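# Observations on the three-dimensional arrangement
Here is how the chains run, residue by residue.
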Amino acid sequence: MKQMKKILLIATGGTIASKYTDKGLSPQISAEELLSYVPEAREFCEIDHIQPFNLDSTNVCSRQWTQLAELIEKKYEYYDGFVICHGTDTMAYTAAALSYLIQNNLKPIVVTGAQKPIDLAITDARANLLDSLRFASHPKAHGTNIVFGGSVIAGTRAKKERSKSYNAFSSINYPDIAVIQDRRIIFYIDDKNHITDRIRFYHKLDDRVFLLKLIPGSSGAIIDSLAETTDA
Ligand code: ASP
């Protein structure tokens, strides 16, 4: 019998794990409960789960990015792949941060989420989670990618472009890595054997970075004042 892949599900909150409360959506669904909605996944992988935090992703920043990278480093040798359930608002930032914090990585790290909570009758959450577990179990999968709405997008290229549609993320200036249709994964980029260096985990990020959008007529004085409080 073919040996099943061992996947670690890392639940961090977001809409996928949210319930409606009188204050709006709030992340409340546990990792174990998320998995109860995709029982078919046990046909192709073994899954353990862990919940390092339970946040709306608008509250996720560099502290959580390094926490996730450290968690994956600790568990790396015990699993074939990792699936992170995450809110969509800052998912692209987390995926990019993990891509840089964990380099030359031959194992898949999939970041996923949903536009609707997993416990609703009509939701993209179950399909996204099942696709993510399927992709993380595929022998050609590697590195950090977002799996969402049937697309697999490189972690360094993803952008949330739509706030309601199920195809919320696009890959910017780079093709999708793969698409997932029904149970099939079709790869557009198959480059696992290009990785020859040893895996490397990084542990520090500098928070003093500012992203400035320039428009015609922007004053150079803005840059002078930013230089006082930022490193880059
Ligand atoms: N505000 C939510 C979050 O990013 C939105 C979502 O998950 O779709 O956690």
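Described in the following lines is the structure provided in the data block. Each chain carries its own residue numbering, running from 1 in the direction its sequence is written. In view of the model being predicted, local features appear only for residues whose pLDDT reaches at least 70, and side-chain atom pairs are presented and counted only at 80 or more, with totals across whole chains, interfaces and linings using the full set of residues. For the side-chain quantities, the full set of heavy atoms in the structure was used; hydrogens and water were omitted.

## Looking at the site of the ligand
Cut-off, in case you're wondering: The nearness test applies per residue and asks whether one of its heavy atoms lies within 4 Å of the molecule or strand. Here a polar contact is taken to be a pair of N or O atoms separated by no more than 3.5 Å, where protein atoms must pair a possible hydrogen donor with a possible acceptor and residues adjacent in sequence count only if both atoms sit in side chains. All accessibility values rest on the Shrake-Rupley procedure with a 1.4 Å probe; residue burial counts only the protein chains present in the view. Polar here means any residue outside two lists: the nonpolar Ala, Val, Leu, Ile, Met, Phe, Trp, Tyr, Cys and Pro, and the charged Asp, Glu, Lys and Arg; Gly therefore counts as polar.
Every residue near the ligand is listed here: Gly14, Thr15, Asp56, Ser57, Gly87, Thr88, Asp89 and Ala114. Here an oxygen atom of the ligand and a backbone polar atom of Thr15 are 2.9 Å apart. One of the side-chain N or O atoms of Ser57 is found 2.6 Å from an oxygen atom in the ligand. Within the complex, the protein chains bury 89% of what would otherwise be the 270 Å² of accessible surface of the ligand. In terms of residue class, the shell around the ligand is made up of one nonpolar, five polar and two charged.

## Thoughts on the pairing of strand S3 (residues 24-27)
Quick reminder of the rule: Here, strands pair whenever DSSP counts at least two bridges between them. Strands are runs of DSSP state E lasting at least 2 residues, helices are runs of H or I lasting at least 4, and numbering of each runs from the N terminus.
The pairing of strand S2 (residues 18-21) with S3 spans four bridges and is classified as antiparallel. Within S3, the position partnered with Ser18 by the bridge is Pro27. The turn joining S2 and S3, which pair antiparallel and follow one another in sequence, is formed by two residues.

## Focus: the side chain of Thr12
What counts, and what does not: The contact definition used throughout considers only heavy atoms, calling two residues in contact when any of these lie within 4.5 Å.
Position of Thr12 relative to the elements: it lies in the loop between strand S1 (5-11) and S2. Here Cys85 takes part through its backbone oxygen, which lies 2.6 Å from a polar atom of the side chain of Thr12. Leave out the neighbours within four places in its chain, and Thr12 touches Pro52, Phe53, Asn54, Leu55, Leu68, Ile84, Cys85 and His86.

## Side note on the side chain of Ser132
The criterion, for reference: Burial classification: accessible surface area is computed with a 1.4 Å probe over protein chains only, and a residue below 20% of its type maximum counts as buried, one above 50% as exposed, and the rest as partly exposed.
Counting through the fold element by element, Ser132 comes out in helix H4 (residues 125-136). We classify Ser132 as buried; its relative accessible area is 0%. For Ser132, the contacting residues outside a window of four places in its chain are Val83, Val110, Thr112 and Val147.

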